[in-house]
Amino acid sequence: MTADLYVSPAGSDDNPGTWEAPLATLKAAKVVLRDLLLADPDRDYTVALRGGRYYLQKPEYFNERDSGRGEYGVTYTAYPGETPILYGGFRAT
């Protein structure tokens, strides 16, 4: 599968979001994606979530800045064969 951005629990939000250097959070993916949409709004975008556990510290809200323009769209999807799990809270230690 080819995606425009990759997110992985083993990634880092300092990464560019490539296959080799994925982002770690949905929040960071939204920031990078917004920049991509501003630079080139006339295409579809795909964000692939790699398998693993994602702990959301607070709710993630999406708005018109996070969607495609006109006939173009943004798809957040699980990487094929992997299962991302989103937890709506934080891990108690």
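Everything numeric here is computed off the predicted structure, so don't read it as measured data.

**Overview of the nonpolar core**
Grouped together as the largest cluster of nonpolar side chains are 13 residues, with contacts concentrated most on Leu-5, Val-7, Leu-23, Ala-29, Leu-33, Val-47 and Leu-49. Mapped by element, the contributors of at least two residues to this core are strand 1 (5-7), helix 1 (26-39) and strand 2 (45-49). Counting residues per element, this core draws most heavily on helix 1, which supplies five residues. The contact partners of Leu-49, leaving out residues within four places of it in the chain, are Val-7, Leu-26, Tyr-54, Thr-77, Ala-78, Tyr-79 and Pro-84.

**Notes on helix 1**
With 14 residues, helix 1 extends 20 Å between its outermost C-alpha atoms, agreeing within 8% with the 20 Å of an ideal straight helix rising 1.5 Å per residue. Where helix 1 is concerned, the buried positions are Leu-26, Ala-28, Ala-29, Lys-30, Leu-33, Arg-34 and Leu-37. Buried residues belonging to helix 1 abut strand 1, strand 2, strand 4 (74-78) and strand 5 (84-87).

**Observations concerning the environment of Arg-43**
Mapped onto the elements, Arg-43 comes out in the loop between helix 1 and strand 2. Along the backbone, Arg-43 and Gly-68 are 25 residues apart, and their C-alpha atoms lie at a distance of 7.8 Å. In this view, Arg-43 contacts Asp-4, Tyr-72 and Gly-73; residues no more than four positions away in its chain are not counted. A polar side-chain atom of Arg-43 sits 2.5 Å from a polar atom in the side chain of Asp-4.

**Some thoughts on the packing of aromatic side chains**
The full count for this structure, using the stated rule, is five aromatic pairs. Their ring planes at 80 degrees and their centres at 5.5 Å tell us that Tyr-6 and Trp-19 sit as a pair that is edge-to-face. Note that Tyr-6 is positioned in strand 1 and Trp-19 in the loop between strand 1 and helix 1, a separation of 13 residues in sequence. By relative accessible area, which is 8% here, Tyr-6 ends up buried. For Trp-19, a relative accessible area of 39% puts it in the partly exposed group. With 6.4 Å between their ring centres and 55 degrees between their planes, Tyr-6 and Tyr-79 make a pair best called tilted. Taken together, the residues Tyr-6 in strand 1 and Tyr-79 in the loop between strand 4 and strand 5 connect sequence positions 73 residues apart. Residues Tyr-6 and Tyr-79 agree in their burial class; the two are buried. Looking at Arg-43, its charged tip hangs above the ring of Tyr-45, at a distance of 4.2 Å from the centre.

Each value, and the rule that gives it
- Residues numbered from 1 in each chain as written.
- Predicted model: local features only at pLDDT ≥ 70, side-chain atom pairs only at ≥ 80, totals over all residues.
- Heavy atoms only, no water.
- Core = buried A, V, L, I, M, F, W, Y, C linked by side-chain atoms within 4.5 Å.
- Buried < 20%, exposed > 50% of the residue type's maximum accessible area, 1.4 Å probe, protein only.
- Helix = DSSP H or I, 4+ residues; strand = E, 2+ residues; numbered from the N terminus.
- Contact = heavy atoms within 4.5 Å.
- Expected span 1.5 Å × (residues − 1).
- Polar contact = N/O pair within 3.5 Å; in protein donor to acceptor, adjacent residues only side chain to side chain.
- Phe/Tyr/Trp six-rings, centres within 6.5 Å; stacked < 30°, edge-to-face > 60°.
- Lys NZ or Arg CZ within 6 Å of the ring centre and 35° of its normal.

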